[in-house]
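# Understanding the architecture of this molecule
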Amino acid sequence: MTFLKQKSVLTPEEKKVVEYKYKSVPLGVMTEEEISMWGKGLLAKIHVITGWTIPNSEELLNILTDQFQKTLIEKYGMLNPDEIEYAFRQHGTSI
């Protein structure tokens, strides 16, 4: 019976991850317009957080944005923008 009385205790980092998990809507259920908005915003934030270069050419930037948005939907649809941003802040370029 003592096993049933024990409470699960999350670490502060685990609590933060759970907080971000439920902070916003997952990418997989967003509209194309929302994905476009969040994709561009996340690219800008990732650029600032990691120092990764954003192309100067409008054509290359459009390709990068398009491919990034497709990747968000195809591979990370279960995540929301807040989780992705948090992951880059915590792990930077090791992601």
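Residues numbered from 1 in each chain as written. Predicted model: local features only at pLDDT ≥ 70, side-chain atom pairs only at ≥ 80, totals over all residues. Heavy atoms only, no water.

### Topic: a nonpolar patch on the surface
Here is the rule: Residues qualify for a patch when their relative accessible area is over 30% and they have no salt bridge, like charges being joined within 9 Å and the nonpolar side chains of Val, Leu, Ile, Met, Phe, Trp and Tyr within 5 Å. Here the Shrake-Rupley method, with its probe set to 1.4 Å, supplies the accessible areas, and only the displayed protein chains count as covering residues. The salt bridge definition used is simple: a Lys or Arg side-chain nitrogen within 4 Å of an Asp or Glu carboxyl oxygen. Put simply, DSSP marks the helices as runs of H or I at least four residues long and the strands as runs of E at least two long, and each gets a number from the N terminus on. Only protein chains enter the accessibility calculation, which uses a 1.4 Å probe; a residue whose area is less than 20% of its type maximum is buried, one above 50% is exposed, and one in between is partly exposed.
On the surface, Leu10, Val18 and Tyr22 cluster together into a nonpolar patch covering about 320 Å² of accessible area. By the element assignment, valine 18 lies in helix α2 (residues 12-21). For valine 18, a relative accessible area of 39% translates into the label partly exposed.

### Some words on the pattern of salt bridges
One pass over the full model with this rule turns up 5 salt bridges. When the shortest N-O distance is used, the salt bridge between lysine 45 and glutamate 85 registers 3.0 Å. On the criterion of sequence distance, the pair formed by lysine 45 in helix α3 (residues 32-50) and glutamate 85 in helix α5 (residues 81-91) is long-range, its members being 40 residues apart. Lysine 70 is the salt-bridge partner of aspartate 66, the closest N and O atoms lying 3.1 Å from each other. Here aspartate 66 pairs with lysine 70, and both are found in helix α4 (residues 58-76), just 4 residues apart, close to one helical turn.

### Description of the environment of lysine 21
The cut-off we apply is this: Any two residues having at least one pair of non-hydrogen atoms within 4.5 Å are treated as being in contact. Polar contacts, as counted here, are pairs of nitrogen or oxygen atoms within 3.5 Å of one another; within protein the pair requires one atom able to donate a hydrogen and one able to accept it, and residues that are adjacent in sequence qualify only if both atoms are side-chain atoms.
Among the structural elements, lysine 21 can be located in helix α2. Separated by 60 residues in the primary sequence, lysine 21 and proline 81 have C-alpha atoms spaced 9.4 Å apart. Those residues within four positions of lysine 21 in sequence are excluded, and the remaining contacts are Met78, Asn80 and Glu83. A distance of 3.0 Å separates a polar side-chain atom of lysine 21 from the backbone oxygen of methionine 78.

### Details of the packing of aromatic side chains
Condition: Each aromatic pair joins two rings of Phe, Tyr and Trp (for Trp, the six-membered one) with centres within 6.5 Å, and gets the label stacked for planes under 30 degrees apart, edge-to-face for over 60, and tilted for any other angle.
Counting across every chain of the model gives 2 aromatic pairs. Ring centres 4.7 Å apart and planes at 25° place the aromatic pair tyrosine 20 and tyrosine 86 in the stacked group. One end of the pair, tyrosine 20, is in helix α2; the other, tyrosine 86, is in helix α5, with 66 residues separating them in the sequence. Residues tyrosine 20 and tyrosine 86 agree in their burial class; the two are buried. When the centroid spacing of 5.7 Å and the interplanar angle of 85° are considered together, the rings of tryptophan 52 and phenylalanine 88 count as edge-to-face. Taken together, the residues tryptophan 52 in the loop between α3 and α4 and phenylalanine 88 in helix α5 connect sequence positions 36 residues apart. Residue tryptophan 52 is classed as partly exposed on the basis of its relative accessible area, which comes to 40%.

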